[in-house]
Amino acid sequence: MIDHPAFARLGFGVTGPHASLIGSVSQTRDLVHRAVDLGVTLFDTGPAYGAGRAEKRLGQALRGIRRDKVFVCTKAGIHAGGHRDFSAGAVEMSLKESLARLQTDHVDLLLLHGPAEEELTDKLIRHLEAFKARGMIRHLGICGRGAELEVATRIPAMDAIMAPLNPELTAGELERLERCKKAGLSLIGIEVMKGSAKSARLPLSPSSAWYFARHIKQSLLGRNAAPSGRSPQKSLSWALDHPLSDSVVSLTTRLKHLDANARQAGLEGSPSSP
Ligand SMILES: NC(=O)c1ccc[n+]([C@@H]2O[C@H](COP(=O)([O-])OP(=O)(O)OC[C@H]3O[C@@H](n4cnc5c(N)ncnc54)[C@H](OP(=O)(O)O)[C@@H]3O)[C@@H](O)[C@H]2O)c1
């Protein structure tokens, strides 16, 4: 279970457009600073996003912000080059590189990025426990969408899981999340906007090109979510108010969406009217 003052109800994902050349350091910095002012103090990123660019941008954006005011989460196992390696040595190297890019001496949460059960070796867990004991990792977890999440319940060093949290989940998937929570793990929800109306993406911005390219790629792979008819606000509320949810991480490239999301989460620093 995560107990940290900056482990906020709403988190900000520094991935996607924030990891691409279409995005910019200044855009990410402006959003990160606004997020902190609003009380959105959990930041999620990972080495696999933009081959380290996302972590680097988050590190640059957090310069000048007191380290104990934010909760920084990154991942390991899918590395900066996109290759997968959960060996203890590779995860150690990945963590050290992440710390350098994030310009910090510790991460508040390290998530293993979708490991298979057999990849969670005793050697890897011992290694991670040692990093925890040295304070380089404050909390440990698994990010995934299937049976791998439940493996975390059997590893005492684990504190959290990150998993999709939206109304499209099956009863079986929700029961899995419930078992993880009962075992004492914190749940960070993702993909909360899945299938939501996208009309709010207007006016077009440079990031629209990134979203458009992703849409085409997902269409070709047959992976685009069917429209749910829910508005983004309804989707976010559903996840924030879900009894299993401890935090919800959402991605945005727009200050007005960040404001609206913080307001939806009832955060103290959020503006009271649109
Ligand atoms: N999806 C995954 O596979 C995955 C895996 C691991 C971790 N994560 C974490 O989860 C984070 C969120 O990613 P996600 O895939 O789950 O996306 P999401 O947060 O469910 O959806 C992001 C989309 O919602 C839009 N949006 C956000 N707030 C809005 C608002 N108020 N009104 C209208 N549109 C709004 C954003 O567009 P605008 O930019 O226009 O606001 C963006 O297109 C990632 O950044 C990452 O930290 C995701």
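Residues numbered from 1 in each chain as written. Predicted model: local features only at pLDDT ≥ 70, side-chain atom pairs only at ≥ 80, totals over all residues. Heavy atoms only, no water.

In terms of helices and strands, the protein carries nine helices and eight strands. Scaling as 2.2 N^0.38, a compact globule of 274 residues should have a C-alpha radius of gyration of about 19 Å, and the protein matches this with 18 Å. In terms of overall dimensions, the protein has C-alpha extents of about 50 × 45 × 40 Å along its principal axes. A buried classification covers 52% of the 274 residues belonging to the protein. Long-range contacts, defined as pairs at least 24 residues apart, comprise 79% of the intrachain contacts of the protein with a sequence gap of at least 6. In the structure as shown, the protein presents an accessible area of about 12500 Å², 54% of it carried by carbon and sulfur atoms. (Helix = DSSP H or I, 4+ residues; strand = E, 2+ residues; numbered from the N terminus. Rg over C-alpha atoms; globule rule 2.2 N^0.38 Å. Buried < 20%, exposed > 50% of the residue type's maximum accessible area, 1.4 Å probe, protein only. Contact = heavy atoms within 4.5 Å. Areas by Shrake-Rupley, 256 points an atom, 1.4 Å probe, with all protein chains shown as cover.)

Right, let's get into the pairing of strand β1 (residues 10–13). Both faces of β1 are covered, namely the face carrying Leu10 and Phe12 and the face carrying Gly11 and Gly13. For β1 and strand β8 (residues 247–250), the ladder comprises three bridges, and the chain directions are parallel. What sits directly across from Gly11, in β8, is Val249. As defined by bridge partners, β1 adjoins strand β2 (residues 42–44) across three bridges and the pair is classed as parallel. Counted as the bridge partner of Gly13 is Asp44 from β2. You can see the chain leave β1, run along helix α1 (residues 25–38) and come back into β2, and the turn it takes is right-handed. (Pairing = 2+ DSSP bridges. Right-handed = clockwise from strand over helix to strand, strands pointing away.)

This part is about the packing of helix α8 (residues 232–241) against helix α9 (residues 255–264). Following both chains from N to C, one finds α8 and α9 inclined at 40 degrees, their axes separated by 10 Å at the closest point. Classified by the angle between their axes, α8 and α9 sit oblique to one another. You can see that α8 and α9 cross each other, and the crossing is right-handed. For the pair α8 and α9, the contacting residues are Gln233, Leu236, Ser237 and Leu240 in the first and Ala260, Asn261 and Gln264 in the second. Considering only residue class, the contact of α8 with α9 consists of three nonpolar, four polar and no charged. (Axes fitted to C-alpha atoms, helices over the stretch in contact; angles between N-to-C directions. Parallel < 35°, antiparallel > 145°, perpendicular 65-115°, else oblique. Left-handed = near helix turned anticlockwise from the far one by under 90°. Nonpolar A, V, L, I, M, F, W, Y, C, P; charged D, E, K, R; others polar.)

Bringing α1 into the picture now. With 14 residues, α1 should cover 20 Å at 1.5 Å per step; its first-to-last C-alpha distance of 20 Å lies within 8% of that length. Taken residue by residue, α1 has Thr28, Leu31, Val32, Ala35 and Leu38 as its buried positions. Down the axis, α1 shows its buried residues gathered within 125 degrees of arc, on one side only. Its buried side turned inward, α1 meets β1, β2, α2 (53–62) and α9. (Expected span 1.5 Å × (residues − 1). Arc of directions from axis to C-beta.)

Read these as spatial facts, not as claims about activity.
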